[in-house]
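Notes for the structure review
For reference, the chains in residue letters:
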Amino acid sequence: MLRFQRLPSFRSTSLHTDVGAPPPDAFGPFRVLHQVGVGVHGPVFRAYDPDRDRLVAVKLFRLDEPPDRAHRLVAELEALRAAQPPAPGLVAVLAARLAETNAYAV
């Protein structure tokens with residue numbers, strides 16, 4: 001006779017994960033509203049872009065890299081932004097910069 005074991009119940013988990021430090025108030029002109037998730041390389045924030053009057057996502061790359069590599073990542077993200085043809089329905093990189101020693105993309 002088969003016996004079924006009751007599985008533990010799953011609770012809803014929040015996407016707001018502790019990354020060790022409180023979120024910044026802003027990344028350049030992009031004002032942080034709240035954290036929406038976290039990935040392998042760092043957190044993702046919802047932010048407000050006052051220049052375009054719209055909401056954007058900001059991905060912070062928390063990398064344990066020397067500053068020259070962080071600058072190279074920003075340069076590669078900027079090249080990606082510059083190479084993107086405007087197409088509806090595609091996510092566009094609006095900006096890539098450094099925040100202290102961490103790179104971020106909007």
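The text that follows walks through the structure, step by step, so that each part is easy to find.

Calculation notes
Residues numbered from 1 in each chain as written. Predicted model: local features only at pLDDT ≥ 70, side-chain atom pairs only at ≥ 80, totals over all residues. Heavy atoms only, no water. Buried < 20%, exposed > 50% of the residue type's maximum accessible area, 1.4 Å probe, protein only. Helix = DSSP H or I, 4+ residues; strand = E, 2+ residues; numbered from the N terminus. Pairing = 2+ DSSP bridges. Core = buried A, V, L, I, M, F, W, Y, C linked by side-chain atoms within 4.5 Å. Contact = heavy atoms within 4.5 Å. Axes fitted to C-alpha atoms, helices over the stretch in contact; angles between N-to-C directions.

1. Notes on the pairing of strand β3 (residues 43-49)
Burial along β3 is one-sided: the face carrying P43, F45, A47 and D49 is buried and the face carrying V44, R46 and Y48 is not. Here strand β2 (residues 30-38) folds back onto β3 in antiparallel fashion, the turn holding 4 residues, of which G42 has a positive phi close to 150 degrees. As paired strands, β3 and strand β4 (residues 54-61) are joined by 6 bridges and run antiparallel to one another. Its bridge partner lying in β4, R46 is registered against A57.

2. Looking at the nonpolar core
F27, F30, V32, F45, A47, V56, V58, L60, A95, Y104 and V106 together form the largest nonpolar core, which totals 11 residues. At the level of secondary structure, the elements contributing two or more residues to this core comprise β2, β3 and β4. Looking at which element gives the most residues to this core, the answer is β4, with 3 residues. For Y104, the contacting residues outside a window of four places in its chain are F27, G28, V58, K59, L60, F61, L77, A95, A96, R97, L98 and A99. Formed by 7 residues, the second largest nonpolar core is a distinct cluster that contains F61, L77, A96 and A105.

3. Overview of the sheet that holds β4
If you trace the 6 strands from one edge of the open sheet to the other, you get β1-β2-β3-β4-β6-β5, paired in antiparallel fashion. For this open sheet the edge positions go to β1 (26-27) and β5 (96-99), each flanked by a neighbour on one side alone. In this structure, β4 lies alongside strand β6 (residues 102-105), joined through 3 bridges in antiparallel fashion. Across the sheet, the residue bridging to F61 is A103, located in β6. Along the sheet face, helix α1 (residues 67-83) touches β4, β5 and β6 and points at about 155 degrees away from the line of β5.

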